[in-house]
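# Observations on the three-dimensional arrangement
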Amino acid sequence: MTSAVPQLDRLFGLQGRTAVITGAATGIGRATAQLFADAGAQVAALDINIDKAEEFAAGVRSKGGKAVAIRMDQGDPTAVAAAFARLDEELPRVDVLLNCAAIYPRCNFETVTPEFLDRMYAINFRGVFQCTQEAVKRMKATGGGSIINISSVTSLKAGIYDNVQYAMTKAALNALTQSVALEYAEHNIRVNAILPGGVATEAAVASVQVGDPLRGPFLQPGRVPLGSRNADPQEIASACLYLASGASSFVTGQLIAVDGGFLIS
Ligand SMILES: NC(=O)c1ccc[n+]([C@@H]2O[C@H](COP(=O)([O-])OP(=O)(O)OC[C@H]3O[C@@H](n4cnc5c(N)ncnc54)[C@H](O)[C@@H]3O)[C@@H](O)[C@H]2O)c1
């Protein structure tokens, strides 16, 4: 992306930067990976779904950009370490980390088993923690960077039933965001979270069952002031571009809702 207005490129462009995106195979991660590539970044797509991640990377390369796909199971600490080791062979540095990979299977609170809870925690929180550790080590060495965590409005306000375990993992991400932001500000590493409301991704639509009282706009019609609708993944991607780019150079430790006003309703 090259704008006719040079100041806009300086503010919102990602030319010369490398962005690591977990969960880049589909949905919000995929839309953001594409936007970052369009903004000039070299992109590493880390995902358990290697076929879709490779499809994204091949599409970028076919247009002259640089992108790599690396298989990573975020729930497996050995796999996360191996993915970052492989990353070091592929890309020279990490300027941006977008932690987007997560799962959100709904489950009635009384039937959640310890194994189910452990799996959610392993992928949605422990894996994000580990990716963040890997990124800050590299960012410290190269003078800074931007980390963006995809949290959820459900971390602050209940919006979906059978979702306690998911809301907990996202609340933990908010604490990770603010604590790491404070500890690494002196290294010029900014850490922020985006809290989407309902976003019309295939996975989200599938997670709302037929007959569910919350079907339709994910967080119920009338509870989303801006048009009673779900967001398009692009509306989350553009907020991520702001946080990845120089436009947000003085912004850190923030939990930014992109929710059509759900949290204020
Ligand atoms: N869609 C929504 O309504 C919504 C709302 C709030 C927050 N979010 C968050 O946005 C993010 C993306 O959600 P989405 O709706 O685009 O879903 P999605 O399923 O399309 O995207 C999730 C991605 O994570 C990958 N993934 C899953 N398990 C993995 C693992 N173990 N290791 C590595 N990668 C793994 C998937 O392959 C997929 O590419 C998630 O963090 C989700 O919690 C979504």
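Rules used in this analysis
Residues numbered from 1 in each chain as written. Predicted model: local features only at pLDDT ≥ 70, side-chain atom pairs only at ≥ 80, totals over all residues. Heavy atoms only, no water. UniProt positions renumbered as here; feature names shortened; annotations may be inferred. Helix = DSSP H or I, 4+ residues; strand = E, 2+ residues; numbered from the N terminus. Rg over C-alpha atoms; globule rule 2.2 N^0.38 Å. Buried < 20%, exposed > 50% of the residue type's maximum accessible area, 1.4 Å probe, protein only. Contact = heavy atoms within 4.5 Å. Lys, Arg positive; Asp, Glu negative; His and termini not counted. Charge placed at Lys NZ, Arg CZ, Asp CG, Glu CD. Expected span 1.5 Å × (residues − 1). Arc of directions from axis to C-beta. Near = heavy atom within 4 Å. Polar contact = N/O pair within 3.5 Å; in protein donor to acceptor, adjacent residues only side chain to side chain. Areas by Shrake-Rupley, 256 points an atom, 1.4 Å probe, with all protein chains shown as cover. Nonpolar A, V, L, I, M, F, W, Y, C, P; charged D, E, K, R; others polar. Phe/Tyr/Trp six-rings, centres within 6.5 Å; stacked < 30°, edge-to-face > 60°. Axes fitted to C-alpha atoms, helices over the stretch in contact; angles between N-to-C directions. Parallel < 35°, antiparallel > 145°, perpendicular 65-115°, else oblique. Left-handed = near helix turned anticlockwise from the far one by under 90°. Pairing = 2+ DSSP bridges. Right-handed = clockwise from strand over helix to strand, strands pointing away.

- Per an unreviewed UniProt entry, the chain goes by Short-chain dehydrogenase and derives from Nitrospirillum viridazoti CBAmc.
- The UniProt entry for the chain carries this comment under Sequence similarities (unreviewed entry): "Belongs to the short-chain dehydrogenases/reductases (SDR) family."

## Brief notes about the overall build of the chain
- Check the secondary structure of the chain and you find eight helices and seven strands.
- The C-alpha atoms of the chain give 18 Å as radius of gyration, which agrees with the globular expectation for 265 residues (18 Å, within 12%).
- Its C-alpha atoms give the chain principal-axis dimensions of roughly 45 × 45 × 40 Å.
- The burial tally for the chain puts 50% of its 265 residues in the buried class.
- Counting contacts in the chain only where the partners sit at least 6 residues apart, residues at least 24 apart contribute 71% of the total.
- Taken as two groups, the 22 positive and 24 negative side-chain charges of the chain have centres that lie 4 Å from each other.

## Some points on helix H3 (residues 50–62)
- Between its first and last C-alpha atoms H3 spans 18 Å; for 13 residues at 1.5 Å apiece the expected length is 18 Å, and the two agree.
- All of the buried residues in H3 are Ala53, Phe56, Ala57 and Val60. The buried residues of H3 all sit within an arc of 95° when viewed along its axis, so they share a single face. Facing away from the buried side of H3 by more than 90 degrees, the exposed set consists of Asp51 and Ser62.
- Once H3 ends, the next one or two residues include Gly64, with phi positive near 90°.

## Observations regarding the site of the ligand
- Lining the immediate surroundings of the ligand are 30 residues, of which Thr26, Asp47, Tyr104, Tyr166 and Thr201 lie closest.
- Separating an oxygen atom of the ligand from a side-chain N or O atom of Thr26 is a distance of 2.7 Å.
- In isolation the ligand exposes 830 Å². Once the protein is present, 93% of that is buried.
- Classifying every residue of the shell around the ligand gives 17 nonpolar, ten polar and three charged.

## Brief notes about the packing of aromatic side chains
- One pass over the full model with this rule turns up three aromatic pairs.
- Here the aromatic rings of Tyr104 and Tyr166 are separated by 5.8 Å at their centres, their planes lie at 70°, and the arrangement is edge-to-face. With a gap of 62 residues between them, Tyr104 in the loop between strand S4 (96–99) and helix H5 (114–142) and Tyr166 in helix H6 (residues 164–184) connect regions that are remote in the sequence.
- Accessibility expressed as a relative area gives 11% for Tyr166, which makes it buried.

## Some remarks on the packing of helix H4 (residues 77–90) against H5
- One can describe the packing of H4 onto H5 by two numbers: an axis separation of 10 Å at closest approach and a directional angle of 30°. It follows from the interaxial angle that H4 and H5 lie roughly parallel. Considering only the axes of H4 and H5, their crossing is right-handed. Residues Pro77, Val80, Ala81, Phe84, Ala85 and Asp88 of H4 pack against Arg126, Gln130, Cys131, Glu134, Ala135 and Arg138 of H5.
- Residues of the contact of H4 with H5, tallied by class, amount to seven nonpolar, one polar and four charged.

## Observations regarding the pairing of strand S5 (residues 145–150)
- S5 sits mainly inside the fold: six of its six residues count as buried.
- Neither face of S5 is left uncovered, since the one carrying Gly145, Ile147 and Asn149 and the one carrying Ser146, Ile148 and Ile150 both have all their residues buried.
- Pairing of S4 with S5 involves four bridges; the strand directions are parallel. Directly across from Asn99, in S5, lies its bridge partner Asn149.
- The handedness of the S4 to S5 crossover, carried by H5, is right-handed.
- Direction of pairing for S5 relative to strand S6 (residues 189–196): parallel, over a ladder of six bridges. The residue bridging Ile150 from the neighbouring strand is Ile194, located in S6.
- With respect to chirality, the unit in which S5 leads through H6 into the neighbouring parallel S6 is right-handed.

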